Protein chains: 4
Amino acid sequence: MNGNAAAKTQPGCQFASDNTAGACPEALAGFLEANEGCQLSYGNDAYTPAVADRLRELFGLDCDVYFVFNGTAANSLAVSTCCQPYHSVICADVAHLETDECGGPEFFSGGAKLLLATSVHGKLEVPSVEELVTRRTDIHYPKPHVLSITQSTELGTVYTLDELAELGTAAKRLGLKVHMDGARFANAVAALDVPPGEIIRAAQVDVLCLGGAKIGLPIGEAVIFFNRKLAADFAYRCKQAGQLASKMRFLTAPWLGLLSNDAWLKHARHGNAMAHRLSTGLQRLPGVEVLHPTDANAVFVALPEQVHRHLAERGWRYYTFIGRGSARFMCSWATALADVDELLADVSVVISAR
Amino acid sequence: MNGNAAAKTQPGCQFASDNTAGACPEALAGFLEANEGCQLSYGNDAYTPAVADRLRELFGLDCDVYFVFNGTAANSLAVSTCCQPYHSVICADVAHLETDECGGPEFFSGGAKLLLATSVHGKLEVPSVEELVTRRTDIHYPKPHVLSITQSTELGTVYTLDELAELGTAAKRLGLKVHMDGARFANAVAALDVPPGEIIRAAQVDVLCLGGAKIGLPIGEAVIFFNRKLAADFAYRCKQAGQLASKMRFLTAPWLGLLSNDAWLKHARHGNAMAHRLSTGLQRLPGVEVLHPTDANAVFVALPEQVHRHLAERGWRYYTFIGRGSARFMCSWATALADVDELLADVSVVISAR
Amino acid sequence: MNGNAAAKTQPGCQFASDNTAGACPEALAGFLEANEGCQLSYGNDAYTPAVADRLRELFGLDCDVYFVFNGTAANSLAVSTCCQPYHSVICADVAHLETDECGGPEFFSGGAKLLLATSVHGKLEVPSVEELVTRRTDIHYPKPHVLSITQSTELGTVYTLDELAELGTAAKRLGLKVHMDGARFANAVAALDVPPGEIIRAAQVDVLCLGGAKIGLPIGEAVIFFNRKLAADFAYRCKQAGQLASKMRFLTAPWLGLLSNDAWLKHARHGNAMAHRLSTGLQRLPGVEVLHPTDANAVFVALPEQVHRHLAERGWRYYTFIGRGSARFMCSWATALADVDELLADVSVVISAR
Amino acid sequence: MNGNAAAKTQPGCQFASDNTAGACPEALAGFLEANEGCQLSYGNDAYTPAVADRLRELFGLDCDVYFVFNGTAANSLAVSTCCQPYHSVICADVAHLETDECGGPEFFSGGAKLLLATSVHGKLEVPSVEELVTRRTDIHYPKPHVLSITQSTELGTVYTLDELAELGTAAKRLGLKVHMDGARFANAVAALDVPPGEIIRAAQVDVLCLGGAKIGLPIGEAVIFFNRKLAADFAYRCKQAGQLASKMRFLTAPWLGLLSNDAWLKHARHGNAMAHRLSTGLQRLPGVEVLHPTDANAVFVALPEQVHRHLAERGWRYYTFIGRGSARFMCSWATALADVDELLADVSVVISAR
């Protein structure tokens, strides 16, 4: 390598997203182990079936497991499997599916429409979902076929099991399949402190997109069908859609590391704890408003304009929302306590000086 | 890790494909270096622009460079960018695009049709291409818009610069964009012993899909637009189609290692040399027929049925073609000379015993 | 025929839509004339080029003209031609494109997303359009590429030339193509009393979908490209998408009748006049609120619940909007003055009795 | 009308296709009857359910019936309903689906691939179908899901009931749905002289596309699901795909005329008889070779080059096949015996003069 790693680090971006972190040590160990020797391609290696088994064990539920490259693909393919092009998918107005997939679900499904339900702190509620299903029944509007729930949500909140049960029950009553966008499912499990399978059972999830990259994998997500009938021919769908890795071991072996000794849960708890520390610290400062409950690893906060300027000068990178003065800080398995405190101190300095 | 690497190796599959090998040391070094610290996601890291620059330098041509997860996506997205759903793509009857993408090009393009030109040892020839373009000009048949050339071919042959120039000239005369499926482009460069840019210039390539996995990356391919107008908004296309890596550094940093000190070329030469040794060895055996010139890293050979049985018993894995008694042996950067000789010996034993 | 036409009429549905009317006499004459003898298919008949010429003459602008079966197809194909799957289309929140095409634009375009601008009485305004274009510029959100304007609008209003000019200028400044949904374009021309070409010029329309069925054709719409570059290969697009009529004369010859002696304009004026009479009559009744200006041939009105019940008993059919007590009455070329007055009388009776 | 009907006829094109004829008198009567008064749109008129009932009666089988605008749409939507984008459809190498839909099936299905079986005089045979299903079972090739049979075939031949039974049985054994392209189904019924339902039962047809335009309608085809489960939500599919007529009565009422008093069958018999007369006449001429059995209403014939020149000079229009000297002459309900004899005489003249 002619690179210079030190010169290439980008300090300040650790709160920009939970995907600015690298691979966690356990995932990396899995990756390196898998690199030894030759292995059959396309999932016929020695690791892939083992990860699927490990996930079945973890959920305590029978399920079919597939591995894809990223979240756009996981969500889009899962949703496409639950509907036809002339169907619609109900999701929250802030759902990643709607706001950050560049039309991925519409593309992969061949035209299925997203219907946006209003949400409270990012969470769907039954009446809004029901209204979308019942307000039109004519063929000029796409027939609702799927309810997509993000757990933990895009706003850093976590549905309780009761809330999920209400949504799941309503979905089934209304004839909807349930898709769970679990890009940060691990953080939800850590927050609720329940076995993962209970979330699935509560929400009556048909298909879960289980985030890998955000919890410590270098690359990859899992698509898990608890409604196994939906999984028929899903391998073909993945292949056609450019989501079948030739050297599949590199997508799957890292999961083995991550899933061993509850490393994934440890990392999720850490991310949540760092977010909690940051949120609590910010909340104490005058003029700072935490916008949503910090249930998981995201902190949404309204900050005075001077704070934004100061943080930018200090090199901090994070998402802001135009015209609203608000910011999102994400924590991950790699977020250092010292960085949280440094960020808090940098905010504090400006607030005190006002 | 609770795994046992030794137990997990799958000896015997090294000739099954050039993607049964792991990551080469140089790529792995790039991967590991990139894992340090946090980096902005979606290609805003420190590595991705450096790889694009390195590729521009390598080709000695101005070009736009994108990184996607696999070959199905690279080829399908590149081809989709060159045409509309009601256009058609001319490729060889043995093209991977046709035979092994499960309808990927049709899916990504929204319905573009592949028109199959007859090929000789996997190579397209101008008259067959021209016939496909000119035989129909009515709107009931999709208008030909793209010529797809695989270099090196699916049958292990390599187009000469002259052959490419003929195809490229014909394509432009016929109003076709030129797509090159370069899953094994490195092996072609090694075989021709010319600067990579000469291949591009000869064939007047608009867009090249440059294989990464088959030459030593763990995951990933590059899509390189020499016709830069075609690249407009390609980033959106990748994003929508589930081909934008969040932790992009893991797709790109390994290229830095691979491209340093001509490591890629060294590996390609090695793969070609191993294939040549195998081919030459097999050719000497009575009853064995090498079916196509072994220009690159693939050996296609017709073997007596007893040989197939014996090789299977000995644990060798490779592709066979139903009813034709023929086999494909692929060599890669990782193919050991000892393995080639062991395979030859295993074939020899049966041949001698006949 | 074993039918009994008298038994088959459905009185009471004349206000349900402007497509509950049959073919107007002039269109029917064209249809019948065209039925004589044999004609080449797929538009190579003697009528189709004549209609295209007649439309060019009518608009006084150079343009390419195509004929398709219905409005869903016209709009969806036109919009698809203006963008790629990863682009987005800005339209009013009440646009037919959004509310009544069952995902047609998403299907035909392969995934393009509709972005909804708030509207006032169904009309777009520049600030809302501009906000949608500028609020996101990252690749995680589909790039806005098209502005779709409905003239006359879905709420029966008509943009003035000044309003169109503002939208057109903004669209071009923002890099958007302009699509006009002209399902009721004729009614807008009648309302504005300007040459059709002025509407096109004001709004800088790239492609107009010109409604045929609603103004008196039995079947069919025209897609007219004033931006002729967009029309390249559009014939292929129509063919592939199932929109090329084999006996094209039956889609086109009726236009000849409709366009002769300004029959289309006469019919549009009649529909508008009937709507105006109905609207004015309703407005005089206490407890009745006309909801939008009756610029063209649609009347939107809030009626007391008892009125709805009475009208239903009397056999009147029209669209109602759940939970809002409002109704839409459409007038067409075939709406009889006596029917308008009878409807008014039926509403009146209930109002007076309250 | 400012047209001049006489000037607009195109004599000489009556053999170019069976869609160069206009609407037959019975269909026209239905069209005209339906034009009276107002009718609810989108199929809620008084005619549409009556046609569906009439078709159910005709086939003597329970079925769901839909009406679309043309054959491309009928076939593409029917096939799309039988498969997913990653599946494949087996059809004859000469199938209209493959050769003349401009990628329609691929477009509507979102990427399903056509697999071409060799055919004999346009007819599929079981071994070739079976070979396509069984030769690949890996996920890199789209899984065969549909068998498409054209009856009567594109080459003017008609499958016997026994031949259909063999194909149907094989299809079901191989797990394939059966689609029948019945653009000229009427001609097949006339040729076989059996009740239409027997053809359906023999081939175990899941969905039939029943041609309307070619047998005398002005516009339109029917899609008939004998496997009614497939029809679930098909109305939505039609709507989204631009195939729901607003003034549906004009697509359906003509069927009532056509289906009354076996008018359709009378017309089909006439077309077949004219083709038979033409074929028999041509066969008698030296140097003329009839290429396929003239079972239905198409005559395929190889003619000397001078004949083609003479016919062109005389104004005859018909399809020719490049480089093969062959021609297709289609007969329809409107083909006049005198025209057949005139065409024969024109061919004769040249032949005699040689």
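How each quantity is defined
- Residues numbered from 1 in each chain as written.
- Chains lettered and ligands numbered in written order.
- Predicted model: local features only at pLDDT ≥ 70, side-chain atom pairs only at ≥ 80, totals over all residues.
- Heavy atoms only, no water.
- Least-squares fit on C-alpha atoms with pLDDT ≥ 70 in both.
- Contact = heavy atoms within 4.5 Å.
- Domains from an automatic or database assignment.
- Salt bridge = Lys/Arg side-chain N within 4 Å of Asp/Glu carboxyl O.
- Polar contact = N/O pair within 3.5 Å; in protein donor to acceptor, adjacent residues only side chain to side chain.
- Helix = DSSP H or I, 4+ residues; strand = E, 2+ residues; numbered from the N terminus.
- Nonpolar A, V, L, I, M, F, W, Y, C, P; charged D, E, K, R; others polar.
- Disulfide = S-S within 2.5 Å.
- Buried area = accessible area lost by both parts, 1.4 Å probe.

Some points on the relation of the copies chain B and chain A
For the match of chain B to chain A, the screw axis carries a shift of 0.0 Å, the RMSD comes to 0.0 Å, and the turn is 180°. Taken together, these values place the two copies in the relation of a two-fold axis. Ranked by how close their C-alpha atoms come to the rotation axis, the residues of chain B are headed by Phe69 of chain B, at 3.6 Å. Comparing interface residues between copies, 100% of those in chain B also lie at the interface in chain A; the contact surface is shared.

Describing the domain arrangement of chain A
Where interface size is given, it is often the accessible area lost as the parts come together that is meant. Residues and elements named next belong to chain A. Split by domain assignment, chain A resolves into domain 1 (3-21 + 265-353) and domain 2 (25-262). Placing the centre of domain 1 and that of domain 2 at their C-alpha centroids yields a distance of 27 Å. For the pair domain 1 and domain 2, the interface holds three salt bridges. In this structure, Lys266 and Glu26 form a salt bridge, with 2.8 Å as the shortest nitrogen-oxygen distance. Counting across the domain 1 and domain 2 interface gives ten residue pairs in polar contact (both at pLDDT 80 or more). Contributions of two or more residues to the side of domain 1 that touches domain 2 are made by α13 (263-283), β11 (298-302) and β13 (326-330). The element contributing the most residues to the side of domain 1 that touches domain 2 is α13, with six residues. For the side of domain 1 that touches domain 2, the residue count by class is nine nonpolar, six polar and five charged.

What about the state of the cysteines?
Taken as a whole and assessed by the stated rule, the structure comprises zero disulfides over all chains. Lacking any disulfide linkage, Cys24 of chain C is separated from the closest cysteine sulfur, that of Cys38 of chain D, by 16 Å. With no disulfide of its own, Cys91 of chain D has Cys83 of chain D as its nearest cysteine by sulfur position, at a separation of 12 Å.

Side note on the interface of chain B and chain C
Each partner contributes residues to the interface: chain B has 22 residues there, and chain C has 22 residues. In this assembly, chain B packs against chain C so that about 2,000 Å² is buried in total across both faces, 54% of it on carbon and sulfur atoms. Its largest share of buried area at the contact with chain C, chain B owes to Tyr86, Ile139 and Tyr236 of chain B, together 38% of the area lost on that side. Linking chain B with chain C are two salt bridges, by the criterion used here. As a salt-bridge pair, Asp233 of chain B and Lys143 of chain C come within 2.8 Å of each other at their nearest N and O atoms.

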